[in-house]
Amino acid sequence: MEIPYTVTARPDTGLWNAKIGVWLFLASEVMLFGGLFSSYIFLRLGADYFWPIHELNVKMGCFNTAVLIGSSVTIVMAWAGVKMRNYKMYFWNLLITILCAFLFLTVKFFEYKSKIEHYGVVLKDGTILLGHQPEEGYRYKFNADSVTLNFKEADPPYFMRFATKPAGEHGGAHDEHGSAPAEILPIETVKFKTESGKETTLAPADFQALKSEAKAAKKDSLKLTPVQPLAFHAKPSKLASHSEKSLAFLDGTLIEGKLVSDKMELHVDVIDTRAAPDADKSMAWAIFKDAGWKKAFDESREEHLKKFNETHPGQDPMKSDHYLREALRFEVHGETPAAHEAKHKEGVGFFDDMPWAEHHYPTVEIEGKDIQRWSNFLPKWNTYYAIYFTITGLHGAHVLAGALVMLYFLVFNSRWFKTDPEHLANRVETGGLFWHFVDLVWIFLFPLLYLL
Amino acid sequence: MANSPEEVAKHVKTYLKVGAALLFLTAVTVWLSYVDFGTHSRNMAIGLTVATFKTSLVVLIFMHMNHERPLIYKFMLFSMLLLGVMFTLFVFVHDDGLIMRGYQAVFGKH
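Note that the structure is predicted; figures quoted are calculated from it, not measured.

## Observations regarding the overall build of chain A
Right, on to step 1. Helix and strand content of chain A: 11 helices and 17 strands.
Right, on to step 2. Taken over the C-alpha trace, chain A has a radius of gyration of 30 Å; the compact-globule value for 452 residues is 22 Å, which it surpasses by more than 25%.
Right, on to step 3. Dimensions of chain A along its principal axes, counting C-alpha atoms only, are 90 × 70 × 40 Å.
Right, on to step 4. Burial status across chain A gives 52% buried among its 452 residues.
Right, on to step 5. Contacts in chain A between residues far apart in sequence, at least 24 positions, make up 74% of those at least 6 positions apart.
Right, on to step 6. Total accessible area on chain A is roughly 21100 Å²; 59% of this is exposed by carbon and sulfur atoms.
Right, on to step 7. Separation between the mean location of the 48 positive side-chain charges and that of the 55 negative ones in chain A comes to 5 Å.

The structure is reproduced here in structure tokens:
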């Protein structure tokens with residue numbers, strides 16, 4: 001069956017059908033993104049923290065903006081190419097548009113990745129330390145005296161198998177690349193003794209035997225004692241609770257013994273004292289053993305204060321967001337205060353904030369009791385990242401969808417160039433309209449999320 | 001409508017110029033965001049004005065809204081009205097203290 005009005009205009013609307021269709025769709029898209037932008041306004045007005053400004057990688061965002069604008073030009077040129085019956089112009093412009101879409105998504109992937117790998121730690125006084133965690137991440141280090149299995153769970157204990165270490169691996173031996181995590185002991189190889197003195201392991205067969213024994217004795221749990229000394233490096237998110245003497249994993253397995261350390265190791269790249277009552281008394285300065293860091297912070301603050309007083313004479317700097325961000329949010333550029341100072345003097349390189357740049361940051365140890373909360377920069381960190389990932393994720397899905405549609409046109413409809421060029425032109429125009437919409441959403445997203 | 005090959009050919013240069021203008025304005029937006037205009041609201045107003053100008057270029061030139069059929073303007077007008085409502089909804093929470101609470105939490109009560 002021939003679909004009517006794909007090329008010629010329908011008399012009553014004055015338009016070919018697909019054009020009405022895509023504009024109606026765009027009207028609904030305006031509502032969809034409008035709702036999310038409206039949420040952005042609410043979240044921003046209601047935020048009880050300093051809204052991040054220039055915290056995302058501006059260069060990558062700027063590059064992606066240029067990529068999208070470039071692709072907006074090429075898609076309209078591809079359409080013009082069909083209209084002007086110039087196949088090369090059509091083909092290459094459409095191909096470049098598709099490649100731009102995938103380039104955009106690739107850059108976005110690296111932006112997301114850098115957020116997933118970056119952590120924020122809120123100290124008890126409100127100071128925020130930003131940085132990267134060593135390879136193993138944050139772990140409670142614990143020496144085990146006994147392991148109590150919980151038979152309400154169907155399977156052998158799950159979470160402890162990722163945390164079991166040979167004893168004596170808590171030492172904090174660091175090489176130059178950070179800490180060297182001890183190998184995880186395969187749980188099947190660890191020998192335990194039951195209360196009756198029988199030797200066993202937690203291999204599935206042994207576990208089933210233990211379980212049937214317990215069932216016969218009408219017991220829900222069973223206490224095992226490790227034959228050789230045993231340690232656990234437990235991820236906080238896999239624990240239901242912990243104390244000085246016990247760890248309880250989410251699956252109900254209880255480890256009794258002694259907490260050796262709940263210190264978090266962090267390679268710090270930003271010290272944000274804006275939310276601390278007094279930047280001079282921030283907990284950060286006790287955590288950084290080298291007093292040079294406080295001195296570097298003071299010098300940088302002085303510098304910004306001088307600049308502020310010159311440009312805004314008579315104004316209160318503490319009421320300027322701009323000043324607070326520049327002066328109280330201290331960016332670290334070296335492993336030691338001296339290295340930081342040197343870097344500061346020579347100037348931070350243009351590409352220093354790119355993912356491929358090599359960095360050396362000071363490593364600090366933060367006591368568990370000093371931490372209010374911590375997380376990587378995902379939606380749970382704050383509402384800014386929640387709306388950031390929601391809108392850019394949805395926008396990214398649109399970029400992917402647009403790229404696939406255009407790829408379809410390129411592969412399956414290009415032959416129409418000879419047989420039915422006006423139909424092809426209309427298809428490219430419809431796809432193009434959608435593509436321009438994706439571009440204009442980004443034109444607002446870029447300043448709102450990256451710059452302002 | 002720009003339908004004949006000759007007319008389309010005339011527009012090609014315009015498309016390239018608009019593309020260049022959009023790239024230039026992107027650079028301007030980035031630069032302006034680093035300038036301290038006194039209050040951050042001013043930065044917001046200036047940045048969003050540039051962004052709005054950029055989107056109008058895209059809509060008018062690339063999406064051909066400078067010469068479209070009336071029916072499409074009607075759709076979009078309706079859509080824009082609802083968008084306007086969504087963007088002004090927050091004024092209704094002002095009495096709820098949402099704005100002041102956020103402000104005080106960040107800057108303290110002074």
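## Here's the deal with the environment of R373 of chain A
Residues and elements named next belong to chain A.
Right, on to step 1. Residue position: R373 is located in strand β17 (residues 371-376).
Right, on to step 2. Using a relative accessible area of 36% as the deciding quantity, one classes R373 as partly exposed.
Right, on to step 3. The spatial distance from the C-alpha of R373 to the C-alpha of L123 is 7.2 Å, given a sequence separation of 250 residues.
Right, on to step 4. Setting aside its immediate chain neighbours within four residues, R373 contacts G120, V121, V122, K380 and W381.
Right, on to step 5. Polar contacts involving the side chain of R373 include one to the main-chain carbonyl oxygen of W381, which spans 2.9 Å.

## Quick look at the packing of aromatic side chains
Residue and element names in this part refer to chain A.
Right, on to step 1. Overall, the coordinates contain 36 aromatic pairs over all chains when judged by the stated rule.
Right, on to step 2. Plain terms: the ring middles of Y138 and Y140 are 5.6 Å apart, the flat faces sit at 70° to each other, and that makes the pair edge-to-face. In this pair, the class of Y138 matches that of Y140, namely buried.
Right, on to step 3. Taking the centre distance of 5.5 Å and the plane angle of 55° together, the rings of F308 and Y323 count as tilted. Of this pair, F308 sits in helix α6 (residues 292-311) while Y323 sits in helix α7 (residues 321-328), and the two are 15 residues apart along the sequence. Residue F308 shares its accessibility class with Y323, and that shared class is buried.
Right, on to step 4. Following the ring pairs from residue to residue traces out a cluster consisting of Y40, Y49, W51, Y112, F377, W381, Y384, Y385, Y388 and F389.
Right, on to step 5. Its guanidinium or amino end placed over the ring of W381, R373 lies 4.7 Å from that ring's centre, counting from NZ or CZ.

## Some thoughts on the interface of chain B and chain A
Right, on to step 1. If you look at the interface, chain B gives 56 residues, while chain A gives 60 residues.
Right, on to step 2. When chain B packs against chain A, the two sides together hide about 5100 Å² of surface, and 80% of this comes from carbon and sulfur.
Right, on to step 3. The largest per-residue losses of area from chain B upon contact with chain A belong to D36, H40 and M63 of chain B, which jointly make up 11% of the total buried on that side.
Right, on to step 4. Here chain B is connected to chain A by 1 salt bridge.
Right, on to step 5. Here E68 of chain B ties to K19 of chain A by a salt bridge, and the two come within 3.0 Å at their closest N and O atoms.
Right, on to step 6. For the pair chain B and chain A, the interface holds 7 residue pairs in polar contact (both at pLDDT 80 or more).
Right, on to step 7. Going through the elements one at a time, α1 (5-34), α2 (40-62), α3 (70-88) and α4 (98-107) of chain B are the ones with two or more residues in the side of chain B that touches chain A.
Right, on to step 8. Among the elements that take part in the side of chain B that touches chain A, α1 of chain B stands out by supplying 14 residues, more than any other.
Right, on to step 9. Considered class by class, the residues forming the side of chain B that touches chain A number 37 nonpolar, 15 polar and 4 charged.

## Quick notes on the state of the cysteines
Right, on to step 1. Under the counting rule described, the total for this entry stands at 0 disulfides over all chains.
Right, on to step 2. Cysteine C62 of chain A is unpaired, with the sulfur of C100 of chain A as its nearest cysteine sulfur at 15 Å.

## Focus: the pattern of salt bridges
Residue and element names in this part refer to chain A.
Right, on to step 1. Counted under the stated rule, the structure contains 23 salt bridges over all chains.
Right, on to step 2. R10 is the salt-bridge partner of D12, the closest N and O atoms lying 2.8 Å from each other.
Right, on to step 3. Using a relative accessible area of 32% as the deciding quantity, one classes R10 as partly exposed.
Right, on to step 4. Across the pair R329 and E55 runs a salt bridge, and its minimum N-O distance is 3.7 Å. Of this pair, R329 sits in strand β15 (residues 329-331) while E55 sits in the loop between α1 (17-46) and α2 (58-83), placing them 274 residues apart in sequence.

## Thoughts on α3 of chain B
Right, on to step 1. With 19 residues, α3 of chain B should cover 27 Å at 1.5 Å per step; its first-to-last C-alpha distance of 27 Å lies within 8% of that length.
Right, on to step 2. I72, F75, M76, S79, L83 and M86 of chain B are the residues of α3 of chain B that are buried. Buried residues of α3 of chain B, viewed axially, fall in a sector of 85°; they line one side. With respect to the buried face of α3 of chain B, the exposed residues turned more than 90 degrees away are P70, K74, L77, F78 and L81 of chain B.
Right, on to step 3. Close packing links the buried residues of α3 of chain B with α1 of chain A.

## Some thoughts on the confidence of the model for chain A
Right, on to step 1. Summarising the model, chain A shows a mean pLDDT of 89, and 96% of its residues fall at 70 or more.
Right, on to step 2. Scored below 50 in pLDDT, residues 171-180 of chain A shows 8 contacts in the model against residues more than four places distant or in partner chains.

What counts, and at which threshold
Residues numbered from 1 in each chain as written. Chains lettered and ligands numbered in written order. Predicted model: local features only at pLDDT ≥ 70, side-chain atom pairs only at ≥ 80, totals over all residues. Heavy atoms only, no water. Helix = DSSP H or I, 4+ residues; strand = E, 2+ residues; numbered from the N terminus. Rg over C-alpha atoms; globule rule 2.2 N^0.38 Å. Buried < 20%, exposed > 50% of the residue type's maximum accessible area, 1.4 Å probe, protein only. Contact = heavy atoms within 4.5 Å. Areas by Shrake-Rupley, 256 points an atom, 1.4 Å probe, with all protein chains shown as cover. Lys, Arg positive; Asp, Glu negative; His and termini not counted. Charge placed at Lys NZ, Arg CZ, Asp CG, Glu CD. Polar contact = N/O pair within 3.5 Å; in protein donor to acceptor, adjacent residues only side chain to side chain. Phe/Tyr/Trp six-rings, centres within 6.5 Å; stacked < 30°, edge-to-face > 60°. Lys NZ or Arg CZ within 6 Å of the ring centre and 35° of its normal. Buried area = accessible area lost by both parts, 1.4 Å probe. Salt bridge = Lys/Arg side-chain N within 4 Å of Asp/Glu carboxyl O. Nonpolar A, V, L, I, M, F, W, Y, C, P; charged D, E, K, R; others polar. Disulfide = S-S within 2.5 Å. Expected span 1.5 Å × (residues − 1). Arc of directions from axis to C-beta. pLDDT = per-residue confidence, 0-100.

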